[in-house]
Every structure is written in structure tokens, then in C-alpha cells.
Amino acid sequence: MPTLSDLTAMITPVVLILATGQLILTTSQRLARSVERARKLSEQFEELVLTKDHNESAVKRELIYKLLERAASRSRKLQQVMSLLYIALSIFVATTLSIGLLEVFGILVVWIPVLLGLGGAGFLFYATILLITETRIALGAIDIEMDYLVKNYSEDLPDTATKGEV
């Protein structure tokens, strides 16, 4: 007969399911923005290639190509994260089901839900590490853009005496 402690044990994976679901939602939004950014950069690159003034646009083409590489890398990384998060979510659901089913059938095999929970947590952990690396890729793209602006338009930029202040 299932007890209150069994129900309580089933709630723990549910909390992880909710957290994983939230990460899936935010990661899918990040992926959509990254793909949209890559498409926009691709269009800009194509326009520059088709222009006749190749001397003026060569530096700009190089910048856009570097940014496009970063956007593609981010998109690939975010797709990996999405896969890992869906696997983690599936494992957490399996953990909850295993706790309930093992109790209903009176099977005292505690190691099954524990291994499932640890496996799901491992996938979730790896996904968050990849999210950190994706964020660093995005920051690197911003650094490339800022370097380009400073190098090519330093005379048009606002006074940098207060550089570093936000």
C-alpha cells in the first residue's frame, strides 16, 4: 500500500521536471533568437557580396562572416542543450513512474529510481555547462562587434573617458 513517504518521494523528480521544463522553454527562445540572428547576418553578408565596392565592404564582410560563424556555433550548441534537456526530462518522468510502479507492485528495488534520478541530474548538469559555453560564444560575438566599431569608427564614438561605466 502506497504511503505518504512514497508520494513525497515522487514529488522530488517533479520539481526537477519543472526546472528542466523551464530551461527547455528559455533555451528554445535563445535558439530561436540565435537562428534569427544567423539568418539576418547571412542576408547582410549576401548583400555585401553583391555590392560593387569590394574595397570598402571587405572589412565589413569579414566581420559579418565571423559573427555568422559565432551565430552558427551558438545554434549548434543550443540544439545540443535542447536534446540533453529533453533526455533529462524523460529520465525524470521515468524516475517518478518507477517510484510509483515499484511501490504499487511492492517491489523493494530502491536503486532503480536512484539511478534514474542521478542519470537525469547528470544530463541536466551537462546541459547547464553547455549553456555556459554558449553564453561565452555570444559574449565573444559582442566583443568582435565592439572591436570592429572601435577600430573603424573611433572618431565617431562618444567620449570614452568614462569607459567601463554602465
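Treat the numbers as computed from the prediction; the structure is a model and nothing was measured. (Residues numbered from 1 in each chain as written. Predicted model: local features only at pLDDT ≥ 70, side-chain atom pairs only at ≥ 80, totals over all residues. Heavy atoms only, no water.)

A few points about the overall build of the protein chain
Next, step 1: A tally of helices and strands in the protein chain yields three helices and zero strands.
Next, step 2: For the protein chain, buried positions account for 28% of its 166 residues.
Next, step 3: Carbon together with sulfur atoms contributes 65% to the accessible area of the protein chain, which is approximately 11300 Å² in total. (Helix = DSSP H or I, 4+ residues; strand = E, 2+ residues; numbered from the N terminus. Buried < 20%, exposed > 50% of the residue type's maximum accessible area, 1.4 Å probe, protein only. Areas by Shrake-Rupley, 256 points an atom, 1.4 Å probe, with all protein chains shown as cover.)

Describing the environment of Leu124
Next, step 1: Among the structural elements, Leu124 can be located in helix H3 (residues 111-153).
Next, step 2: Classification of Leu124 as buried rests on a relative accessible area of 14%.
Next, step 3: Along the chain, Leu124 and Ala88 lie 36 residues apart, while their C-alpha atoms are 5.8 Å from each other.
Next, step 4: Aside from chain neighbours lying at most four places away, what touches Leu124 is Thr20, Leu23, Leu85, Ala88 and Phe92. (Contact = heavy atoms within 4.5 Å.)

Here's the deal with the pattern of salt bridges
Next, step 1: Under the counting rule described, the total for this entry stands at four salt bridges.
Next, step 2: With its nearest N and O atoms 2.1 Å apart, the salt bridge here joins Arg30 to Glu134. Placement of the pair is Arg30 in helix H1 (residues 4-50) and Glu134 in helix H3, with a sequence separation of 104 residues. As far as the burial class goes, Arg30 and Glu134 line up, both buried.
Next, step 3: With its nearest N and O atoms 3.4 Å apart, the salt bridge here joins Lys66 to Glu62. Here Lys66 and its partner Glu62 are both found in helix H2 (residues 54-104), four residues apart, which amounts to about one turn of the helix.
Next, step 4: Residue class for Lys66 comes out partly exposed when judged on its relative accessible area of 37%.
Next, step 5: Given a relative accessible area of 46%, Glu62 falls into the partly exposed group. (Salt bridge = Lys/Arg side-chain N within 4 Å of Asp/Glu carboxyl O.)

What to know about the nonpolar core
Next, step 1: Counting residues in hydrophobic clusters, the biggest one holds 13 residues, and the most contacted among them are Val81, Leu85, Phe92, Leu124 and Ala127.
Next, step 2: No other element matches the seven residues that H2 contributes to this core.
Next, step 3: In terms of nonpolar packing, the next biggest core, distinct from the first, is built from nine residues, Ala38, Leu48, Ile64 and Tyr148 among them. (Core = buried A, V, L, I, M, F, W, Y, C linked by side-chain atoms within 4.5 Å.)

Side note on the packing of aromatic side chains
Any pair of aromatic rings gets described here by the distance separating the centres and the angle formed by the planes.
Next, step 1: Inspection of the entire model under this criterion finds two aromatic pairs.
Next, step 2: Consider the rings of Phe45 and Tyr65, whose centres lie 6.1 Å apart with planes at 45°: the pair is tilted. With Phe45 in helix H1 and Tyr65 in helix H2, this pair connects stretches of sequence that are 20 residues apart.
Next, step 3: Residue Phe45 is classed as partly exposed on the basis of its relative accessible area, which comes to 25%.
Next, step 4: Their ring planes at 70° and their centres at 5.9 Å tell us that Tyr148 and Tyr153 sit as a pair that is edge-to-face. (Phe/Tyr/Trp six-rings, centres within 6.5 Å; stacked < 30°, edge-to-face > 60°.)

Functional significance is not addressed by these values, which are geometric in nature.
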